[in-house]
2 protein chains.
Amino acid sequence: MAALDRSAVRFTASALTDLKPTALADFHRWWAERLRAGVFEVTPLAFAELNGWYFAPGSGNLVHESGKFFEVSGMRVDSGDGEQWSQPIIHQPEVGILGVLVKEIDGVLHCLLQAKMEPGNVSTLQLSPTVQATRSNYTRVHGGAQTRYLEHFRGPGRGRVLVDVLQSEQGFWCWHKQNRNMVVEATGDVPLHEDFVWLPLSQVWQLMRCENLVNMNTRTVLGCLPLARPPKALLPVEDPFRAALLRSYGPVGDDAGGEPEAEALHTLTDVVSWLTEMKTRTAWTSRLVPLDEVTGFSRTADALADDEERDFAIVARGVRAGNREVTRWTQPLLEPRRQGLAVFVAKRVGGVVHLLVRARPEPGLLGRVEIGPTVRRPPAFDTMLSCGPEPFHSHVSGADPAQVRFDTVMSEEGGRFLHAETRYQVIEVGDDFPPDVPEDYCWLTVQQLTELVRHSHYLTVEARSLLACVHSLW
Amino acid sequence: MAALDRSAVRFTASALTDLKPTALADFHRWWAERLRAGVFEVTPLAFAELNGWYFAPGSGNLVHESGKFFEVSGMRVDSGDGEQWSQPIIHQPEVGILGVLVKEIDGVLHCLLQAKMEPGNVSTLQLSPTVQATRSNYTRVHGGAQTRYLEHFRGPGRGRVLVDVLQSEQGFWCWHKQNRNMVVEATGDVPLHEDFVWLPLSQVWQLMRCENLVNMNTRTVLGCLPLARPPKALLPVEDPFRAALLRSYGPVGDDAGGEPEAEALHTLTDVVSWLTEMKTRTAWTSRLVPLDEVTGFSRTADALADDEERDFAIVARGVRAGNREVTRWTQPLLEPRRQGLAVFVAKRVGGVVHLLVRARPEPGLLGRVEIGPTVRRPPAFDTMLSCGPEPFHSHVSGADPAQVRFDTVMSEEGGRFLHAETRYQVIEVGDDFPPDVPEDYCWLTVQQLTELVRHSHYLTVEARSLLACVHSLW
């Protein structure tokens, strides 16, 4: 397959130039059809109306009678110097698959995505990965239908793996949650189901400009794509920012040979060392506790909410959904109080775009600290564990519109979070941006982020979403 | 510095050919002198004779009154299908530094190592990293002397970092333990203290043939060295195994340019995918519990030991040690019942040595599963969590002596474990070795292991020790 190589996805010329206006019109027609074809109702419930879910005696945890799915437990964080706080947290030990199937069609790399409803979605349907299933789902321990297209991701018939790595999710809302982020190239024919669509990668990038359309799982999987710089000849770029952005993907495959990291401010060894230092500085510890032991949250008939009204509530919802077969279920969801903000500041240094990242401690992360956005307004706790104020917030909130390279509000996982929106921004800064940054910040190239995201637990889910946003700037 | 480059340590000709017999004689003279100069006494104690250590009311955990150092807690493992077991486990949340300082002296790469006593050492002194200190030690929160040579590893005067990564330790004996493995190139002069010695790397490799000499911390740090293949011209190799071993380090720097993984059986993407699959198959969970809740272990006045006499005991020791200043302290240690075994099977495939590794679940590992040896006879629990029988044990126990490329008994960490010996072997197998291996095994090149060990939580501590053994075969 010409457009993909072993370690990096390289685009053919057509993959980058096929963006005809009609193509997106086709997508939107199909999308409108999907919206019309389905039934989607989400109804607020009292906890007592949940079916199969109950507050377990003893712990007070909100659990399902099957012992499966997930539970709402408690988490306590000790600062290491006497302070502590507690909060509810979603605990789901099972690892699921988030998988995007890709295929070269007429010389253009396409992704198979689905129009999928989740109860927490702002806009009912969102563009979701080919496969989005927990292990219980896909191994069908409880019966149920075979997960569609699963055979491309598991078992003897699976395609060629381009990405397959465990990645973390929101560390203020979930306890040690990991999902398997996979991109697999299909071998052979792939019959198309009506809820699915083959989209050129370039169109997916375009669709990331639509509010609440490309879902979190699609973004995190595409953020893990090992993208390389396309050959110069294919990309006559006039905008100096875009030219510098392309150089940030590393040397062109054909004329590699030299130092792959030569243009970066820091070596990858230095970057790993920096993160190691940041991890060893964390004195706090966190652990699961019974939900009954959480303080600062009060439970009413239909919500378990933080008393200060700034973090989140656990609520209950009833769902009626489907197209041919309509199913009903009920479940708890975590509803944040505020919209989140996640920003990558981008700066041209020596003709190469560098992104400013921050080492971010989050109490539910397995490795406690991961690489996150330059600026993040957490839609969750804003306490001793957040790294303190966001020193670069004023730079981004006051940015000239011409500097704002990406700016879209998108949703976090609608299967667990209710109307959890985050505003994702990529903002270019100039030479007036402070050259020296505090020691928990670091300037990385796209190539370095791409190399790190091949491995688990380097980039937070927001950083992976932002990396997908950066890819969309091609 | 000619002998080191940004991402890989490359040897000059002299670094590989400087091994004069006199040199090792010098080392042994210095070592004998160190043994004579010091006082080292380790005395068995009853728990009641421990100073500052006590079994805490409520949990029964064996703790220190300062709340620092480490504690002996309990761990419970649930298999996910009803089975469970429990055991004592060492819990030490603090991350320490294991650091080796290196320097090119007369064109030869040297390591600064120290003769260090630990109470659990089989042979009193072992050859230890330049720095071996917990964060409490080196930040001197409790006063005490400045850790010698620490300034090369932390702060504004530190040297050039070659390796700086968190790595796990024994997952059957320690809970989520991580230490920072560092190799730093000294800049400027380094005054030599009498307990320290500059050794050419080639001599360190030779000394790994001595029983219980090179300690675990030195091995794991050197196992993280990013070694590259020396230029062909410098290494006329006649032994086909050694020639194939050198090819396993990847292409020569000067004539790289081609595909760095071209000669490997699997791509690195496939290897990461294989490990991801192995991690998602683990249904078990583990957690800390009070030591009082552990079953199958019985406590006497001087030991907390497993009833079946096959795993380990927690014991107490008094120590009197030092040379100029003699200090005394008491502490608990974990004493395994049996000698361990850790083997890498090595096979030439297409003229390139591949090492057979196994994905190994260990209940105390943060990531639950890491890449371990081909064969491991755990000096710890041999239960439902061990991956079952060791199918390749008969191949290695019946190996022809000519196939045994490395075979030395070395110790695990003498600060926590009492007389914990492991026999490390690298055994070459021929074409009669089964070509198809069970799905939790994988054939990797040295280059691939070297690439993975740049990141946290891929290789177990035994696999990192074995990787250092492999390096010693040059």
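All of these numbers come straight from a predicted model, not from anything done at the bench. Along each chain, residue indices are assigned from 1 in the same order as the chain's sequence is written. Working convention: letters from A go to chains and numbers from 1 go to ligands, in the order in which they are written. At least 70 in pLDDT is required for a residue's local features to be given in this predicted model, at least 80 for side-chain atom pairs to be given and counted, and no such filter applies to totals for whole chains, interfaces and linings, which use all residues. The basis for every side-chain value is the complete set of heavy atoms in the structure, and neither hydrogens nor water enter the calculation.

Asker: I would appreciate a short explanation of the overall build of chain A in the present structure.
Answerer: The helix count covers DSSP runs of H or I at least four residues long, the strand count covers runs of E at least two residues long, and both are numbered beginning at the N terminus. For chain A, the helix and strand inventory stands at 10 helices and 25 strands. With 474 residues in all, chain A has 61% of them scored as buried. Any pair of residues with heavy atoms lying within 4.5 Å of one another is described as a contacting pair. Within chain A, counting contacts between residues at least 6 apart in sequence, those at least 24 apart form 72% of the total. In these tables, accessible area is a Shrake-Rupley quantity obtained with a 1.4 Å probe, and a residue counts as shielded only by the protein chains included in the view. Of the roughly 17,800 Å² that chain A leaves accessible, carbon and sulfur atoms contribute 49%. For the exposure calls, accessible area comes from a 1.4 Å probe over protein chains only, and a residue counts as buried if that area is under 20% of its type's maximum, exposed if over 50%, partly exposed in between.

Asker: Help me understand the interface of chain B and chain A, please; the structure alone is not making it clear to me.
Answerer: One frequent convention defines the size of an interface as the accessible area lost when the parts assemble. Taken residue by residue, the interface counts 32 residues in chain B and 32 residues in chain A. Buried surface area refers to the total accessible area, computed with a probe of radius 1.4 Å, that the two partners give up upon joining, counted for both partners together. Buried surface at the junction of chain B and chain A, summed over both partners, amounts to about 3,000 Å²; 48% is from carbon and sulfur atoms. Criterion for a salt bridge: a side-chain nitrogen of Lys or Arg within 4 Å of a carboxyl oxygen of Asp or Glu. Counting across the chain B and chain A interface gives 4 salt bridges. Here Arg 180 of chain A and Glu 277 of chain B are joined by a salt bridge, their closest N and O atoms 2.7 Å apart. The term polar contact refers here to a pair of N or O atoms within 3.5 Å; inside protein, the definition further demands a hydrogen-donor-capable atom paired with an acceptor-capable atom, and it admits residues adjacent in sequence only when both atoms are side-chain atoms. One can count 15 residue pairs in polar contact (both at pLDDT 80 or more) joining chain B with chain A. Mapped onto the side of chain B that touches chain A, the elements with two or more residues apiece are strand S10 (160-168), helix H7 (268-280) and helix H9 (446-452) of chain B. When residues in the side of chain B that touches chain A are grouped by element, the largest group, 9 residues, is from H7 of chain B.

Asker: Looking at this model, I keep getting lost on the relation of the copies chain B and chain A. Mind explaining?
Answerer: Two copies of one chain are present, and they are related through a rotation about an axis combined with an axial shift. Of the transformation placing chain B onto chain A, the axial shift is 0.0 Å and the rotation is 180°, giving an RMSD of 0.0 Å. Those values place the two copies in the arrangement expected of a two-fold rotation axis. Mapped onto chain A, 100% of the interface residues of chain B are again interface residues, and the two copies thus contact each other with one and the same surface. Alignment of copies: least-squares fit on C-alpha atoms of residues with pLDDT of at least 70 in both copies.

Asker: What should I look at first to understand the pairing of strand S18 (residues 326-336) of chain B in this one?
Answerer: Across a regular strand the side chains alternate sides, sitting on one face of the sheet and then on the other. All names here are of chain B. Where strand S17 (residues 312-322) lies against S18, 11 bridges are found, and the strand directions are antiparallel. Looking at S18, one finds that Arg 317 is bridged to Gln 331. By this definition, two strands are paired if DSSP reports at least two bridges between them. Here S17 folds back onto S18 in antiparallel fashion, the turn holding 3 residues.

Asker: Can you help me understand the side chain of Glu 462 of chain B in this one?
Answerer: Mapped onto the secondary structure, Glu 462 of chain B falls in helix H10 (residues 461-471). In this view, Glu 462 of chain B contacts Gln 170, Ala 342, Glu 362, Pro 373, Arg 376 and Tyr 424 of chain B; residues no more than four positions away in its chain are not counted.

Asker: Explain the pattern of salt bridges here, please?
Answerer: Pairs may arise between side chains of opposite charge once their charged atoms sit close together. If you walk through the whole model with that rule in mind, you get 56 salt bridges over all chains. With its nearest N and O atoms 3.0 Å apart, the salt bridge here joins Glu 33 of chain A to Arg 36 of chain A. In this pair, Glu 33 of chain A and Arg 36 of chain A are both assigned in helix H2 (residues 21-37), 3 residues apart and thus about one turn of the helix distant. Given a relative accessible area of 35%, Glu 33 of chain A falls into the partly exposed group. Note that Asp 306 of chain A and Arg 337 of chain A form a salt bridge whose closest N and O atoms lie 2.9 Å from each other. Pair noted here: Asp 306 of chain A is in strand S16 (residues 303-306) and Arg 337 of chain A is in the loop between strand S18 (326-336) and strand S19 (340-349), with a separation of 31 residues, a long-range link. In this structure Asp 306 of chain A comes out as buried when scored by relative accessible area, which is 3%. Taken together, the shared-partner salt bridges connect Arg 154, Arg 158, Asp 164 and Arg 180 of chain A together with Glu 277, Arg 281 and Glu 439 of chain B into one network.

Asker: Would you mind showing me how to read the environment of Leu 166 of chain B here?
Answerer: Looking at where Leu 166 of chain B falls in the secondary structure, it is placed in strand S10. Note on Leu 166 of chain B: relative accessible area 2%, which makes it buried. Measuring from C-alpha to C-alpha, the distance between Leu 166 of chain B and Ser 456 of chain B comes to 5.3 Å, with 290 residues separating the pair along the chain. Filtering out sequence-adjacent residues up to four positions away, Leu 166 of chain B remains in contact with Thr 276, Lys 279 and Thr 280 of chain A together with Val 95, Gln 178, Asn 179, Arg 180, Ser 456 and His 457 of chain B.

Asker: Any chance you could explain helix H6 (residues 240-247) of chain A here in plain terms?
Answerer: Residues lying three or four places apart along an α-helix face the same way, a consequence of the helix completing one turn every 3.6 residues. All names here are of chain A. Inspection of H6 places Phe 241, Ala 243, Ala 244, Leu 245 and Leu 246 among the buried residues, and these make up the whole buried set. Buried residues in H6 make contact with S19, strand S20 (352-361), strand S23 (404-411), strand S24 (421-429), helix H9 (446-452) and helix H10 (461-471). Capping the start of H6 is the job of one residue whose side-chain oxygen sits 2.9 Å from the backbone nitrogen of Phe 241: Asp 239.

Asker: Sorry, what's going on with the state of the cysteines here?
Answerer: Here a disulfide denotes a covalent bond joining the sulfur atom of one cysteine to the sulfur atom of another. Criterion for a disulfide: a pair of cysteine sulfur atoms within 2.5 Å. Inspection of every chain in the model, using the stated rule, returns 0 disulfides over all chains. Cys 224 of chain A carries a free sulfur, and the closest cysteine sulfur to it, the one in Cys 111 of chain A, is 13 Å from it.

Asker: What is the right way to read unusual backbone geometry from this model?
Answerer: Peptide bonds are, in most cases, trans, and in most cases residues other than glycine have a negative phi. Even without a glycine there, the phi angle at Tyr 149 of chain A is positive, about 70°. By the element assignment, Tyr 149 of chain A lies in the loop between helix H3 (135-139) and strand S10 (160-168). The backbone of Asp 106 of chain B sits at a positive phi, close to 50°, despite the residue not being glycine. Following the sequence through the fold, Asp 106 of chain B ends up in the loop between strand S6 (96-105) and strand S7 (108-117). With relative accessibility at 75%, the residue Asp 106 of chain B sits in the exposed group.

Asker: Would you explain helix H5 (residues 216-223) of chain A in this entry?
Answerer: Residues and elements named next belong to chain A. Within H5, 8 of the 8 residues are buried, which leaves the element mostly enclosed by the surrounding structure. Buried residues of H5: Met 216, Asn 217, Thr 218, Arg 219, Thr 220, Val 221, Leu 222 and Gly 223, and no others. Its side-chain oxygen at 3.1 Å from the backbone nitrogen of Asn 217, Asn 215 defines the N-terminal cap of H5.

Asker: Any chance you could explain the packing of aromatic side chains here in plain terms?
Answerer: In this description, an aromatic ring pair is defined by two values, namely the gap between the centres and the angle between the planes. Residues and elements named next belong to chain B. Two rings from Phe, Tyr or Trp (for Trp, the six-membered ring) form a pair when their centres sit within 6.5 Å of each other. Planes less than 30 degrees apart are called stacked, planes more than 60 degrees apart edge-to-face, and all others tilted. In total, this model carries 24 aromatic pairs over all chains according to the counting rule given. Ring geometry for Phe 27 against Trp 30: centres 5.9 Å apart, planes inclined by 50°, an arrangement best described as tilted. Note that Phe 27 and Trp 30 are positioned in helix H2 (residues 21-37) at a spacing of 3 residues, about one turn of the helix. The interplanar angle of 70° and the centroid separation of 4.8 Å between the aromatic rings of Tyr 149 and Phe 196 together place this pair among those described as edge-to-face. Of this pair, Tyr 149 sits in the loop between helix H3 (135-139) and S10 while Phe 196 sits in strand S13 (residues 196-200), and the two are 47 residues apart along the sequence. Take Tyr 149 and Phe 196: they sit in the same class, and that class is buried. Geometry around Phe 55 places Arg 299 over its ring, the cationic atom sitting 3.5 Å from the centre. Think of it as a cone above the ring: NZ of Lys or CZ of Arg counts as a charge over the ring if it is within 6 Å of the ring centre and within 35 degrees of the ring normal. Taking the ring centre of Trp 284 as reference, the NZ or CZ of Arg 368 above it sits at 5.0 Å.

Asker: Looking at this structure, how should I read the nonpolar core?
Answerer: Across soluble globular proteins, nonpolar side chains show a tendency to be buried alongside one another. As used in this record, nonpolar core signifies buried Ala, Val, Leu, Ile, Met, Phe, Trp, Tyr and Cys residues forming a set joined through side-chain atoms within 4.5 Å. Formed by 148 residues in total, the largest nonpolar core has its most connected members in Leu 127 of chain A together with Leu 127 of chain B. Beyond its immediate chain neighbours, meaning those up to four positions away, Leu 127 of chain B contacts Phe 27, Trp 30, Trp 31, Leu 113, Gln 114, Val 197, Leu 199, Leu 207, Leu 213, Val 214, Asn 215 and Thr 218 of chain B.

Asker: Even after reading the chapter, I still don't get the confidence of the model for chain A, so can you show me in this structure?
Answerer: Detail in the predicted coordinates should be disregarded across regions flagged by low pLDDT. Residues and elements named next belong to chain A. What pLDDT reports is the predictor's confidence in each residue, on a scale of 0 through 100. In this model, chain A carries an average pLDDT of 88, and 89% of its residues clear a pLDDT of 70 or more. Under a pLDDT of 50 for its full length, residues 1-7 has, in the predicted model, 26 contacts with residues more than four places off or in other chains. With pLDDT under 50 throughout, residues 253-262 is counted as low confidence; its partners more than four residues away or in other chains account for 14 contacts. Scoring the predicted complex yields pTM 0.93 and, for the interface, ipTM 0.92.

Asker: Would you explain the pairing of S13 of chain B in this entry?
Answerer: Residues and elements named next belong to chain B. Here S13 lies mainly inside the structure; 5 of its 5 residues are buried. What you see with S13 is no split at all: Phe 196, Trp 198 and Pro 200 on one side and Val 197 and Leu 199 on the other are buried throughout. Looking at chain direction, S7 and S13 are connected through 5 bridges and run antiparallel. Bridged to Gln 114 within S13 is Phe 196.

Asker: So what exactly am I meant to see when it comes to the packing of H5 of chain A against H10 of chain A here?
Answerer: Any two packed helices are characterised by how steeply their axes cross, that is the angle between the axes, and by the distance between the axes. All names here are of chain A. Interhelical geometry of H5 versus H10 gives an angle of 75° and a closest axis separation of 7 Å. Considered as vectors, H5 and H10 are oriented roughly perpendicular to each other. In this structure, H5 uses Met 216, Arg 219, Thr 220, Leu 222 and Gly 223 to contact H10, whose residues at the interface are Val 461, Arg 464, Ser 465, Leu 467, Ala 468 and His 471. Only the stretch in contact is used when a helix axis is fitted, and all axes are lines through C-alpha atoms; the angle between N-to-C directions ranges over 0 to 180 degrees. These descriptions rest on fixed angle ranges, namely under 35 degrees for roughly parallel, over 145 for roughly antiparallel, 65 to 115 for roughly perpendicular, and the rest for oblique.

Asker: Just checking my understanding: could you explain the environment of Thr 295 of chain B for this structure?
Answerer: Residue and element names in this part refer to chain B. Relative to the helices and strands, Thr 295 resides in the loop between strand S14 (285-289) and strand S15 (297-299). For Thr 295, a relative accessible area of 55% gives the class exposed. Thr 295 sits 99 residues away from Ser 394 along the chain, and the two C-alpha atoms are 33 Å apart.

Asker: How should I be thinking about the environment of Thr 445 of chain B in this particular structure?
Answerer: Residue and element names in this part refer to chain B. In this fold, Thr 445 is placed in strand S25 (residues 441-445). Separated by 49 residues in the primary sequence, Thr 445 and Val 396 have C-alpha atoms spaced 19 Å apart. Once you skip the residues sitting within four places of it in the chain, Thr 445 turns out to touch Ser 248, Ala 264, Val 352, Val 353 and His 354. A polar atom in the side chain of Thr 445 sits 3.1 Å from the backbone nitrogen of Gln 448.

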